[in-house]
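Spelled out, the chains give:
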Amino acid sequence: MNLLKLPFAVAAAVLILGAGFALVGTGQTPLSFLVVVSLALAAGASALAGYLLFKVERMRGDIDRLARTLDGALKDLAAGNERNSLTLGALTGTIDRQIGGMLERIETAARPEIAAASPASGGSDGASQDAGGRKAPQKTDAGERLPAGWADREIELSLEPIVSVSQGAAAAFEVHAHILLEDGSERVVRRLSEAANPSDLCAFELAVVKAAIHASRRKLAADARLPLHVAVSAALLGNEAAVGELCGLLDLHSGLARGLVFSVPAEQFATKDNAVRHGIVRLTISGAVLAAEGWPREDDALERLKLQGVRIVKLSADRLLDRERTRRKSPSGTDLAELIDRSNMAIVAVDVASDEDAVALLDLGVDLMRGERFSPPRKLKPSAKSTSAIYAGA
């Protein structure tokens, strides 16, 4: 028996016994006593039944109101998801039209002698992209090497849109590069493995940055001036000569810093390598926009990123939707999205593969996304007009 009901049971028993002794004391028969007890119990049962009926009606009313509320919420959610799906579907078409017209307006070929003589032209740069439309998986073998003679060929670029769902258009582009392998096949990469030879890696990243600078400066339409995100690593950031050359280009060309974003692995912002830290500081002082790929493990991650001038944080959709295994004390995806938003840093969700992920990210307040759901990297095609214009010294 419930201990809370025990006092009531004892009180009822006492009342019944008291009534029995009172009847016996007055000379009443046991039958009269039983009749009185039965009537008392019947009255108590009727009162209890009435009370329970009242409670059941109240509970039924509460359940009905809750059901109506849930039904309305589910309808609103379904309508919102339908609107988001329509928005995402329309966004895909808009991006296809935007990119289709934009990439052909970018001059991507440079005359070799101009490229060799002038840092403004950004070195030997070109444009094209993978036939399959997707990034090839990066190699992770230790000692990965670039194919022989890669520096003697044009760097061909591909652009993957970073879309703004609220604006319904691309807001920036992620830069990919082609590597022609010895067997004649092409490999499209956004970032080489850091297991590669540091000097080769630095030279390759510098060449890709210069090609991106060239493409950014040669855009022919004002509405096409969207930032290009280029991945760089510790190999480049720790190379004083390479960083000095980039800072010189940023200082030389006004507005270049707004058209270029250096995308850096988050762990490099917490590195103890003085050369890398000095390189990050020099780029920041030159006005470069920095993006952090991932979230540092340190407890002071936010303060560290803000102090080093990071304006954009790139996190995978799986991390934001709490599908990745993280440390026990790591913030959830929701907390990260709120934290980054309050810090006035932009957040970009990467590797977004489905409508469901896109809608869930929108619910977190994430507006900038890239991934298979939107568009694969698209190659830059030099037109005859733009090529001849550059060759003519334009």
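Basis of the calculations
Residues numbered from 1 in each chain as written. Predicted model: local features only at pLDDT ≥ 70, side-chain atom pairs only at ≥ 80, totals over all residues. Heavy atoms only, no water. 1 Å grid on protein atoms, 1.4 Å probe; cavity = no way out; pocket = protein on both sides within 12 Å on 5 of 7 lines; lining within 4 Å. Points joined across faces, edges and corners; volume = space filled by probe spheres on them. Helix = DSSP H or I, 4+ residues; strand = E, 2+ residues; numbered from the N terminus. Axes fitted to C-alpha atoms, helices over the stretch in contact; angles between N-to-C directions. Parallel < 35°, antiparallel > 145°, perpendicular 65-115°, else oblique. Contact = heavy atoms within 4.5 Å. Nonpolar A, V, L, I, M, F, W, Y, C, P; charged D, E, K, R; others polar. Phe/Tyr/Trp six-rings, centres within 6.5 Å; stacked < 30°, edge-to-face > 60°. Buried < 20%, exposed > 50% of the residue type's maximum accessible area, 1.4 Å probe, protein only. Lys NZ or Arg CZ within 6 Å of the ring centre and 35° of its normal. Core = buried A, V, L, I, M, F, W, Y, C linked by side-chain atoms within 4.5 Å. pLDDT = per-residue confidence, 0-100. Patch = residues over 30% accessible without salt bridge, like charges linked within 9 Å, V, L, I, M, F, W, Y side chains within 5 Å. Areas by Shrake-Rupley, 256 points an atom, 1.4 Å probe, with all protein chains shown as cover. Salt bridge = Lys/Arg side-chain N within 4 Å of Asp/Glu carboxyl O. Arc of directions from axis to C-beta.

On to the layout of surface pockets, then. One number sums up the size of the largest pocket: a volume of about 780 Å³. Gly294, Trp295, Pro296, Leu315 and Arg319 are the residues nearest the centre of the largest pocket, which is lined by 29 residues in total. If you list the elements that add at least two residues to the lining of the largest pocket, you get helix H8 (301–307), strand S7 (310–316) and helix H10 (333–342). At three residues, the largest contribution of residues to the lining of the largest pocket is made by S7.

The interhelical angle for the contact between helix H6 (residues 240–252) and helix H7 (residues 274–285), taken along N-to-C directions, is 5 degrees, at an axis separation of 9 Å. Taken as axis vectors, H6 and H7 run roughly parallel relative to one another. Contacts between H6 and H7 involve Glu240, Val243, Gly244, Leu246, Cys247 and Leu250 on the former and, on the latter, Gly279, Arg282 and Leu283. Class assignment for the residues of the contact of H6 with H7 results in five nonpolar, two polar and two charged.

Moving on: the packing of aromatic side chains. For any pair of aromatic rings, the description consists of the separation of the ring centres together with the inter-plane angle of the planes. Under the criterion given, the structure shown has one aromatic pair. With centroids separated by 5.6 Å and ring planes inclined at 70 degrees, the aromatic side chains of Trp150 and Phe204 adopt a geometry described as edge-to-face. Of this pair, Trp150 sits in the loop between helix H3 (112–117) and strand S1 (157–164) while Phe204 sits in helix H4 (residues 198–217), and the two are 54 residues apart along the sequence. We classify Phe204 as buried; its relative accessible area is 5%. Above the plane of the ring of Phe374 lies Arg373, whose end atom (NZ or CZ) is 5.6 Å from the centre.

Right, let's get into the nonpolar core. Taken as a class, soluble globular proteins show a tendency for nonpolar side chains to be buried jointly. Core analysis: the biggest nonpolar cluster contains 72 residues, and Ile155, Phe204, Phe262, Leu283, Trp295 and Met369 have the highest contact counts within it. Sort the elements by how many residues they give to this core and H4 lands first, with 11 residues. Judged by nonpolar contacts, the second largest core, of nine residues, contains Ala172, Val261, Val289 and Ile312.

Right, let's get into the confidence of the model for the chain. Mean pLDDT over the chain: 74, with 63% of residues reaching 70 or higher. Note that residues 105–143 has pLDDT below 50 and, in this model, 111 contacts with residues that lie over four places away or in other chains. Counted against residues more than four places away or in other chains, residues 383–394, with its pLDDT under 50, gives 17 contacts.

Below, the discussion takes up the environment of Gly365. Tracing the backbone shows Gly365 in the loop between helix H11 (355–363) and strand S9 (368–369). For the pair formed by Gly365 and Thr334, sequence separation is 31 residues and the distance between their alpha carbons is 9.0 Å.

Taken together, Leu48, Tyr51 and Leu52 make up a surface patch of nonpolar side chains, about 320 Å² in accessible area. Topologically, Leu48 is positioned in helix H2 (residues 30–102).

Below, the discussion takes up H10. By the burial criterion, the buried members of H10 are Gly333, Leu336, Ala337 and Ile340. Projected onto a plane normal to the axis of H10, the buried residues spread over an arc of 100 degrees and lie on a single side. At its buried positions, H10 is contacted by S7, helix H9 (317–320) and strand S8 (346–350). Two residues or fewer past H10, Asn344 is found with a positive phi of approximately 60 degrees.

Evaluation of the coordinates by the stated rule reveals one cavity of 30 Å³ or more. In this model, the largest cavity occupies a volume close to 80 Å³. Along the walls of the largest cavity sit 13 residues, with Arg190, Arg191, Phe204, Val208 and Ala231 positioned nearest its centre. Elements supplying a minimum of two residues to the lining of the largest cavity: strand S2 (169–180), H4 and strand S4 (228–231). The greatest single-element share of the lining of the largest cavity, amounting to four residues, is contributed by H4. Here the lining of the largest cavity is composed, by residue class, of nine nonpolar, one polar and three charged.

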